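Structural overview for review
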4 protein chains.
Amino acid sequence: MPLAPILVVTTGGTIDKQYFDALSEYQIAESVIEKLLRVSRVAHPFRVVELMRKDSLELTGEDRALIKAAIAAAPETRVVVTHGTDTMTETAKVLAAIPGKTIVLVGALAPARFAESDAPFNLGMAFACCQAASPGVWITMNGSVFDGLKVRKDREAGKFAEI
Amino acid sequence: MPLAPILVVTTGGTIDKQYFDALSEYQIAESVIEKLLRVSRVAHPFRVVELMRKDSLELTGEDRALIKAAIAAAPETRVVVTHGTDTMTETAKVLAAIPGKTIVLVGALAPARFAESDAPFNLGMAFACCQAASPGVWITMNGSVFDGLKVRKDREAGKFAEI
Amino acid sequence: MPLAPILVVTTGGTIDKQYFDALSEYQIAESVIEKLLRVSRVAHPFRVVELMRKDSLELTGEDRALIKAAIAAAPETRVVVTHGTDTMTETAKVLAAIPGKTIVLVGALAPARFAESDAPFNLGMAFACCQAASPGVWITMNGSVFDGLKVRKDREAGKFAEI
Amino acid sequence: MPLAPILVVTTGGTIDKQYFDALSEYQIAESVIEKLLRVSRVAHPFRVVELMRKDSLELTGEDRALIKAAIAAAPETRVVVTHGTDTMTETAKVLAAIPGKTIVLVGALAPARFAESDAPFNLGMAFACCQAASPGVWITMNGSVFDGLKVRKDREAGKFAEI
């Protein structure tokens, strides 16, 4: 039985933040997802679509509609969405309207380019969750698989928790 | 609803290999799993049991019986076992006899102490799989969630593949 | 002959920048210099003084006077100063007035907390330079030992070059 | 005044050790020196010659004669030699016969491919030392610039110390 291919949609967020010395600031840069999957020796079939490069606080309703349309139109039924953490749960609500697909939203609290980041672990969770979980929207952060409609980010504590 | 706690059993393998200059060789060392979970900002309840530190080629039938007994006796129903990759599928067969628990075997092709290792991604997969998959034995390597009884390691290709 | 102890003065700069998720921005954080020296297995006697945590564009004349006074008053004759790169050469001019000490200014173009950073290499250069070079002010960046009074930062090119 | 170019001769040693899963062991692999210099944003002119890939316990008199000949014949007067640490001081004695060049021997106690390695710091020390020190043979390990003829490796302590 062939392995079900995974669609990875990148939208930006902390996970892809890079530091630019010439600007003395960091910005969301070229996604590191493909490199991270190569380092992680992923042999599972996947396809990466870099849809946008935004801080999730800047995502508009139109952006979310675009993310939804891109996923709905794709042939894959297993989907990972990398996303800023601050409004991840808002996007989860929009994506919940897509039937028959297992969609996992994931991000990072420290940029993937850091030596110590939660990005590779979180992305691994998302890859497994989209294969093992039933259709619906899920969020994999802080070591937990959360129902995407029953979770919130506790910004002070710096972690996600069930509602 | 409280999150279901996860038991992490470490048995050794490449994932925990450290380099010892005084010996001019590397050996399996103190497990890096707890540090890796801390860096990954895991807030999910878990408990780590360092059961043994062996290359999986050295694991005996008695070792496997011990791993099985430790898991069967534990209160947790979600279990991650870090393990050398060469005989991971043999241990999977032994653990398949445990009813009512979701057990995930996981390891790494490059030591977790390497700057570029598949360890954090793989461990993330295992954490998600033991939460999202139904009871049974699973292996999460190379980006795939494999049925633990229907997978083999292709040593030359350096990856796991379905049987 | 006992090894000459080294004074390390930290002033901030990109080298110590950390990312803070709760703020969605990064700031200069607790210095990573001591950890970096431990990872680098430094057995040479040294002492770290965290003098300030500033972006070098924010350093005032008073700040520079303080850095100068702290170095002049210290018993060590070998000194490493970690510093933001944008105004490193201005501080070099101020420190040039201190006689009889080998002072090396050093920083990084990517934060030390990044997986790929010039910080450990640059700091190693500074440690060697303050031991091997004659008294005066030096800058060790981009693989070169520069006379601190004959170098400038080429911001567009992202590197230091001789005047 | 143009910057004096640096010759980097690699001979093997722990610094270049890689882990090979298919063999369940590690071996000295393709040198990581060039990658490390790129990550460290080295703009100083340099040239890397991969002369051999040996554990320094396996180096013969002929190997040392070859290293000496390669350095003596090169146009550069600033030379860095990456080398296993166990017999680094023996090679230092052989290279001391080369007049008019500043030669720095350097290695690592943990492989450069490890997330926590002394390799980048040590290599930075060597780069600075070959520019700032007078002609002769030097060893840069454990944060110190050692006279290459007045140092020994304390294997149990895992560090170099003056004789």
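From a predicted model like this one, the values you see are computed outputs, not experimental measurements.

Reading guide: rules and limits
Counting restarts for each chain, with residues numbered from 1 along the sequence as it is written. Lettering for chains starts from A, numbering for ligands starts from 1, and both go in the order in which the items are written. Under the rules for a predicted model, residues below a pLDDT of 70 receive no local features and side-chain atom pairs below 80 are neither given nor counted, while totals for whole chains, interfaces and linings still include all residues. To get the side-chain values, take all heavy atoms of the structure and skip hydrogens and water. Where helices and strands are cited, they refer to DSSP runs of H or I of at least four residues and of E of at least two residues respectively, numbered from the N terminus. Multiplying 1.5 Å by the residue count of a helix minus one yields the expected span of that helix. Only protein chains enter the area calculation, which uses a 1.4 Å probe; residues under 20% of their type maximum are buried, those over 50% are exposed, and those in between are partly exposed. Superposition of the copies used a least-squares fit over C-alpha atoms from residues whose pLDDT is at least 70 in both. The contact rule is simple, with two residues in contact once any of their heavy atoms fall within 4.5 Å. When two parts are brought into contact, each loses some accessible area as probed by a 1.4 Å sphere; the total of that loss over both is the buried area. Within this document, salt bridges are pairs made up of a side-chain nitrogen of Lys or Arg and a carboxyl oxygen of Asp or Glu, the two lying within 4 Å of each other. N or O atoms closer than or at 3.5 Å make up a polar contact, with two conditions inside protein: a donor-capable atom paired with an acceptor-capable one, and, for residues adjacent in sequence, both atoms drawn from side chains. A pair of strands is treated as paired once DSSP finds two or more bridges between them. Convention adopted: a line fitted to C-alpha atoms gives each axis, helices being fitted over their contacting stretch, and angles between N-to-C directions are expressed from 0 to 180 degrees. Only a pair of cysteine sulfur atoms within 2.5 Å counts as a disulfide in this structure description. Put simply, angles under 35 degrees are roughly parallel, angles over 145 are roughly antiparallel, angles from 65 to 115 are roughly perpendicular, and the rest are oblique. Helix crossings are classified by the rotation of the near helix relative to the far one: an anticlockwise turn of less than a right angle makes the crossing left-handed, while a clockwise turn makes it right-handed. Under the scheme applied here, ten amino acids are nonpolar (Ala, Val, Leu, Ile, Met, Phe, Trp, Tyr, Cys and Pro), four are charged (Asp, Glu, Lys and Arg), and all others, including Gly, are polar. In summary, the pairing rule links any two rings of Phe, Tyr or Trp, Trp by its six-membered ring, whose centres are within 6.5 Å, and it sorts them by plane angle into stacked for under 30 degrees, edge-to-face for over 60 and tilted for everything else.

Notes on helix α4 (residues 119-132) of chain D
- The end-to-end C-alpha separation of α4 of chain D is 20 Å, in line with the 20 Å expected for 14 residues at 1.5 Å each.
- Most of α4 of chain D sits out of view: 13 of its 14 residues are buried.

As for the relation of the copies chain B and chain A
- For these two chains of identical sequence, chain B goes onto chain A by a turn of 180° and a shift of 0.0 Å along the axis, with RMSD 0.0 Å. Such a combination of turn and shift is consistent with a two-fold rotation axis.
- In this assembly, 100% of the residues forming the interface of chain B have copies in chain A that are likewise at the interface, indicating an isologous arrangement.

So, the interface of chain B and chain A
- Taken together, the 35 residues of chain B in the interface contact 35 residues of chain A.
- For the pair chain B and chain A, the two sides together bury roughly 2700 Å², of which 62% comes from carbon and sulfur.
- For the pair chain B and chain A, the interface holds two salt bridges.
- Across the pair E116 of chain A and K35 of chain B runs a salt bridge whose closest N-O atoms are separated by 3.5 Å.
- Summed over the shared surface of chain B and chain A, the result is 14 residue pairs in polar contact (both at pLDDT 80 or more).

Some words on the side chain of H44 of chain C
- Assignment of secondary structure puts H44 of chain C in the loop between α1 (33-39) and β4 (46-54).
- In this structure H44 of chain C comes out as buried when scored by relative accessible area, which is 3%.
- Engagement of the side chain of H44 of chain C in a polar contact is seen with the side chain of S144 of chain D, the distance being 2.6 Å.

Remarks on the sheet that holds strand β1 (residues 6-12) of chain D
Residue and element names in this part refer to chain D.
- On the basis of which strands lie adjacent, the open sheet formed by six strands has the order β4-β1-β5-β6-β7-β8 and mixed pairing. A single partner strand is all that each edge strand has here, and the edge strands are β4 (46-54) and β8 (144-147). The mean angle between the axes of side-by-side strands here comes to 20°, regardless of whether they run parallel or antiparallel.

Remarks on the relation of the copies chain C and chain D
- Superposition record for chain C on chain D: RMSD 0.0 Å, screw rotation 180°, translation along axis 0.0 Å.
- Both copies share a contact surface, since 100% of the interface residues of chain C are interface residues in chain D too.

Thoughts on the environment of I28 of chain A
All names here are of chain A.
- With respect to the helices, strands and loops of the structure, I28 is situated in strand β3 (residues 25-28).
- For I28, a relative accessible area of 17% translates into the label buried.
- Separated by 83 residues in sequence, I28 and P111 have C-alpha atoms that sit 9.6 Å apart.
- With near-sequence residues (within four places) excluded, I28 lies in contact with G12, G13, D16, K17, R53, K54 and D55.

Examining the environment of G12 of chain D
Residue and element names in this part refer to chain D.
- By the element assignment, G12 lies in strand β1.
- Along the primary structure G12 and T140 are separated by 128 residues, whereas in three dimensions their C-alpha atoms are 16 Å apart.
- Setting aside residues up to four positions removed in sequence, G12 forms contacts with I28, M52, R53, K54, T82, H83 and G84.

Brief notes about the pairing of strand β10 (residues 159-162) of chain B
- Relative to β10 of chain B, strand β9 (residues 151-154) of chain B runs antiparallel, the two sharing four bridges. Bridged to K153 of chain B within β10 of chain B is F160 of chain B.

A few points about the interface of chain C and chain D
- Between chain C and chain D, the contact holds 35 residues from the first and 35 residues from the second.
- Here chain C packs against chain D, burying approximately 2700 Å² in sum over the two surfaces, 62% of which is carbon and sulfur.
- Taken together, chain C and chain D are joined by two salt bridges.
- At the surface where chain C touches chain D, the tally comes to 14 residue pairs in polar contact (both at pLDDT 80 or more).
- Those elements that provide at least two residues to the side of chain C that touches chain D are α1, α4 (119-132), β8 (144-147) and β10 (159-162) of chain C.

Description of the arrangement of the chains
- At their nearest point, the C-alpha atoms of chain B and chain C are still 8 Å apart, with no contact between the two.
- For the non-touching pair chain A and chain D, the nearest C-alpha separation works out to 8 Å.

Re the state of the cysteines
- Under the defined criterion, the tally for this structure stands at zero disulfides over all chains.
- In this structure C130 of chain A is a free cysteine whose sulfur lies 7.2 Å from that of C129 of chain A, the closest cysteine sulfur available.

Some thoughts on unusual backbone geometry
Residue and element names in this part refer to chain C.
- The phi dihedral of N142 is positive, around 55°, even though this residue is not glycine.
- With respect to the helices and strands, the residue N142 is situated in the loop between β7 (136-141) and β8.
- Overall, N142 belongs to the buried group, its relative accessible area being 2%.

A word on the packing of helix α2 (residues 61-73) of chain B against helix α3 (residues 88-95) of chain B
Residues and elements named next belong to chain B.
- Where α2 contacts α3, the two axes come as close as 10 Å, and the packing angle between them is 50°. Classified by the angle between their axes, α2 and α3 sit oblique to one another. For the pair α2 and α3, the crossing hand works out as right-handed. The segment α2 lies against α3, with R64, I67, K68 and I71 engaging E90, T91, V94 and L95.
- Here the residues of the contact of α2 with α3 sort into four nonpolar, one polar and three charged.

Remarks on the packing of aromatic side chains
- Counted under the stated rule, the structure contains 10 aromatic pairs over all chains.
- Judged by centre distance (5.5 Å) and plane angle (65°), the rings of F127 of chain A and F121 of chain B are edge-to-face. Taken together, the positions of F127 of chain A in helix α4 (residues 119-132) and F121 of chain B in helix α4 (residues 119-132) put the pair across two chains. Note on accessibility: F127 of chain A and F121 of chain B belong to one class, buried.
- Ring geometry for F114 of chain B versus F114 of chain D: centroids 4.8 Å apart, planes at 50°, classification tilted. With F114 of chain B in the loop between β6 (102-106) and α4 and F114 of chain D in the loop between β6 (102-106) and α4, this residue pair bridges two chains.
- By relative accessible area, F114 of chain D is classed as buried at 8%.
- An aromatic cluster is present here, built from F46 and F127 of chain A together with F121 of chain B joined pairwise through their rings.

Quick look at the pattern of salt bridges
- This structure, assessed with the given rule, holds 40 salt bridges over all chains.
- Between E50 of chain B and R53 of chain B there is a salt bridge, and its shortest N-O distance comes to 3.6 Å.
- By relative accessible area, R53 of chain B is classed as partly exposed at 46%.
- The salt bridge partner of K17 of chain D is D55 of chain D, with a shortest N-O separation of 3.2 Å. Separated by 38 residues along the polypeptide, K17 of chain D in strand β2 (residues 17-20) and D55 of chain D in the loop between β4 and α2 (61-73) bring together distant segments of the chain. You'll find K17 of chain D and D55 of chain D in the same group, each marked buried.
- One salt-bridge network, in which partners are shared between bridges, spans K35 of chain A, E116 of chain B, E116 of chain C together with K35 of chain D.

Overview of the sheet that holds strand β1 (residues 6-12) of chain C
Residues and elements named next belong to chain C.
- Spatial ordering of the open sheet is given by β4-β1-β5-β6-β7-β8, a layout of six strands whose pairing is mixed. Pairing within the sheet leaves two strands with one partner each, and these edge strands are β4 and β8. Between one strand and the next, the sheet's axes are offset by a mean angle of 20°, whatever the strand orientation.
- As paired strands, strand β5 (residues 78-82) and strand β6 (residues 102-106) are joined by five bridges and run parallel to one another. The residue bridging V79 from the neighbouring strand is I103, located in β6.

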